[in-house]
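Chain by chain, the residues:
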Amino acid sequence: MENKVLESLESTYRVILDKISIDTSNKGLLDVRDRLEKIVNYNVGHGKGIRALFVMKTYILLAKHKGIETTKEDIELAQILGAIQHQTGSTMLDDVGLHALNDGEILKNECFHTLKLFFGHKKSYPNIMETFHEMMRYTTYGQHMDMASNPNNTGPRFDLFTKSRYETIVRYKTSYYTFVLPVRLAMYLFGMKSKSSHREAEELLIKIGYLFQMQDDFIDCFGDPIVTGKQGSDIVDGKCCWPVVRALELCDESQRRHLVANYGIKCEQNVNKCKEIYRQLNLKDLYLKEELTIYEEICGDLQNLKNANEIRVIDL
């Protein structure tokens, strides 16, 4: 599935690049187009394309629910919209410093240029644009709060490692951009403008985003790198994540002193000391209980919509 999504994204980006019209009559701008193509080809092909997949799948499911047969053009537009969101979420990998910052600005501005080229004639265009701007703004809030928890890697701000702040970081850094945005984009593309539908979708997707981030934090700490394919780094990076937030809630004074003394230090011995405190606090059991509670709550919310026989989340 991942390979198919990335292949689809690659072909869609080719369509987008062919459509973007930088004034080639001005020879001074020729290198700008070359730079843009390099940025897109080098940066946006990475990752699993999960956000792009959400846009496409949501649009297809909405059409299926309403018994509407999608056309080739419909699917292509959903793919382009998904590709644009994937593009705006890319991290600059090609250069560092000021050049990378400018590359990021080029990529972001071309995203909005692309939206106008492909969707400017659509009635949904104003809503799509507004949603993009809103979610990107929210994401910067979340990123700031996340970075402020360990400013400039000078050391974790343990006074900020609270459940309330963690939930806010997850809401703004993860839930809005990864879950709320792709679904709401698909809803608008499909012609759904009901504020109540978007509000209900957002509330549910924020919960899903929290569950996703909580799972990711748990795997980062307790997952087997052979199985997950990555080495956890939240402890050495001094991140405000689910395990440490819960540990600080439950630990006694002695455990807190040891946790504060070892958390955020790039040494395997210090990491192991933190994990030992996690084991003493039975964080694995706590995680499983909380994960199940949130999952059942999400399932309950979905069932309530079905029982009401309105499913307003996908009501035109």
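As a reminder, the structure under discussion sits directly above these lines.
These figures come from a predicted structure and were not determined experimentally. (Residues numbered from 1 in each chain as written. Predicted model: local features only at pLDDT ≥ 70, side-chain atom pairs only at ≥ 80, totals over all residues. Heavy atoms only, no water.)

(A) Highlighting helix α4 (residues 72-88). An ideal rise of 1.5 Å per residue puts 24 Å on 17 residues; α4 measures up with 25 Å between its terminal C-alpha atoms. Judged by how many residues are buried, α4 sits mostly within the fold: twelve of 17 residues are covered. (Helix = DSSP H or I, 4+ residues; strand = E, 2+ residues; numbered from the N terminus. Expected span 1.5 Å × (residues − 1). Buried < 20%, exposed > 50% of the residue type's maximum accessible area, 1.4 Å probe, protein only.)

(B) Geometry of the packing of α4 against helix α7 (residues 163-189). Two elements in contact, α4 and α7, have axes whose closest approach is 11 Å; the angle formed by their N-to-C orientations is 150 degrees. The angle between the axes of α4 and α7 places the two elements in the roughly antiparallel class. Where α4 crosses over α7, the two elements pack in a sense that is right-handed. Residues Leu77, Ala78, Leu81, Gln85 and Thr88 of α4 lie in contact with α7, whose contacting residues are Tyr177, Leu181, Pro182, Leu185 and Leu189. (Axes fitted to C-alpha atoms, helices over the stretch in contact; angles between N-to-C directions. Parallel < 35°, antiparallel > 145°, perpendicular 65-115°, else oblique. Left-handed = near helix turned anticlockwise from the far one by under 90°. Contact = heavy atoms within 4.5 Å.)

(C) View of the packing of aromatic side chains. Counted by the stated rule, this structure contains 17 aromatic pairs. Look at Phe158 and Tyr263: their rings are 6.1 Å apart centre to centre, the planes differ by 65 degrees, and that puts the pair in the edge-to-face class. One end of the pair, Phe158, is in the loop between α6 (125-148) and α7; the other, Tyr263, is in the loop between α12 (253-262) and α13 (268-280), with 105 residues separating them in the sequence. Both residues of the pair, Phe158 and Tyr263, belong to the buried class. What links up through ring pairs into an aromatic cluster is the set Phe218, Phe222, Trp242, Tyr278 and Tyr287. (Phe/Tyr/Trp six-rings, centres within 6.5 Å; stacked < 30°, edge-to-face > 60°.)

(D) Just the nonpolar core, in detail. Judged by nonpolar contacts, the single largest core of 46 residues is most densely connected at Ile16, Leu81, Ile84, Leu115, Phe119 and Phe132. Viewed by domain, this core spans two of them, domain 1 (1-121) and domain 2 (123-315), each represented by three or more residues. Contacts of Ile16, omitting those with residues within four sequence positions, involve Ile80, Ala83, Ile84, Thr114 and Phe118. If you look at the next biggest cluster of nonpolar residues, it comprises 33 residues, including Phe222, Cys240, Val244 and Ile298. (Core = buried A, V, L, I, M, F, W, Y, C linked by side-chain atoms within 4.5 Å. Domains from an automatic or database assignment.)

In short, geometric facts, not functional conclusions.
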